[in-house]
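Descriptive structure summary
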Amino acid sequence: MATTGQNGSTRNWTFLTNHAHVLLAIARNPTARLRDVADEVGVTERAAQAIVADLEAGGYLHRTRVGRRNEYTVNPRGHFRHPAESDRQVGDLLALFTGERAESTS
């Protein structure tokens, strides 16, 4: 998503962070491999691992080992970290992008 500024420079940016993209990818597919999540988001597998660790530490995700795979449970009741949105729950974002009600997000 390139945007041309007033001085003619081109900058790439999006409204959502990589953390939000990873959380959404996992909410859509709770048994996805991190390699697949990384590909979907456009980050390295190592970056996806670090983001998942951040999300787990923040209480937004819970990882359960199922055989040789991980299964993730998203906590839709977690609040946004930025003060401007801290009164809102991430379940609102998940519902917007996944089409599922916040309470039923896996």
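First, a word on what this report is: a plain description of the structure on this page. (Residues numbered from 1 in each chain as written. Predicted model: local features only at pLDDT ≥ 70, side-chain atom pairs only at ≥ 80, totals over all residues. Heavy atoms only, no water.)

A few words on the packing of helix α1 (residues 18–28) against helix α3 (residues 45–57). Look at α1 against α3: their axes get within 10 Å of each other, and the N-to-C directions meet at 85 degrees. Classified by the angle their axes make, α1 and α3 are roughly perpendicular. Residues N18, H19, V22, L23 and I26 of α1 pack against I51, V52, D54 and L55 of α3. Its residues assigned to classes, the contact of α1 with α3 comprises six nonpolar, two polar and one charged. (Axes fitted to C-alpha atoms, helices over the stretch in contact; angles between N-to-C directions. Helix = DSSP H or I, 4+ residues; strand = E, 2+ residues; numbered from the N terminus. Parallel < 35°, antiparallel > 145°, perpendicular 65-115°, else oblique. Contact = heavy atoms within 4.5 Å. Nonpolar A, V, L, I, M, F, W, Y, C, P; charged D, E, K, R; others polar.)

Considering the arrangement of structural elements, one finds T98 in helix α4 (residues 90–98). We classify T98 as partly exposed; its relative accessible area is 22%. For the pair T98 and A25, spaced 73 residues apart in sequence, the C-alpha to C-alpha distance is 9.3 Å. Every residue in contact with T98, bar those within four places of it in the chain, is listed here: A27 and R28. Reaching out from T98, the side chain makes a polar contact with the backbone oxygen of L94 at a distance of 2.5 Å. (Buried < 20%, exposed > 50% of the residue type's maximum accessible area, 1.4 Å probe, protein only. Polar contact = N/O pair within 3.5 Å; in protein donor to acceptor, adjacent residues only side chain to side chain.)

Scanning the entire structure with this criterion turns up one aromatic pair. On the numbers, 5.0 Å between centres and 75 degrees between planes, the contact of W13 with F15 is edge-to-face. (Phe/Tyr/Trp six-rings, centres within 6.5 Å; stacked < 30°, edge-to-face > 60°.)

Turning our attention to the pairing of strand β3 (residues 61–66). Where β3 and strand β4 (residues 69–74) come together, six bridges link them in antiparallel fashion. Note on β4: the bridge partner recorded for L61 is V74. (Pairing = 2+ DSSP bridges.)

Time to look at α1. Of all the positions in α1, only A20, V22, L23, L24, A25, I26 and A27 are classed as buried. Taken together, the buried residues of α1 touch α2 (34–41), α3, β3, β4 and α4.

What follows concerns the nonpolar core. Membership of the largest hydrophobic core comes to 22 residues, with the highest contact counts inside it found for V22, L23, I26 and L61. Among the secondary structure elements, those contributing two or more residues to this core are α1, α2, α3, β4 and α4. If one sorts the elements of this core by residue count, α1 sits on top with six residues. Leaving out residues up to four positions away in the same chain, L61 has contacts with L23, I26, V52, L55, E56, Y72, T73 and V74. (Core = buried A, V, L, I, M, F, W, Y, C linked by side-chain atoms within 4.5 Å.)

So, about the side chain of N70. Within the secondary structure, N70 sits in strand β4. Taking the relative accessible area as the measure of exposure, N70 reaches 18% and is therefore buried. Here R65 takes part through its side chain, which lies 3.3 Å from a polar atom of the side chain of N70. Non-local contacts of N70, meaning those with residues more than four positions away in its chain, are made with P30, T31, R63, T64 and R65.

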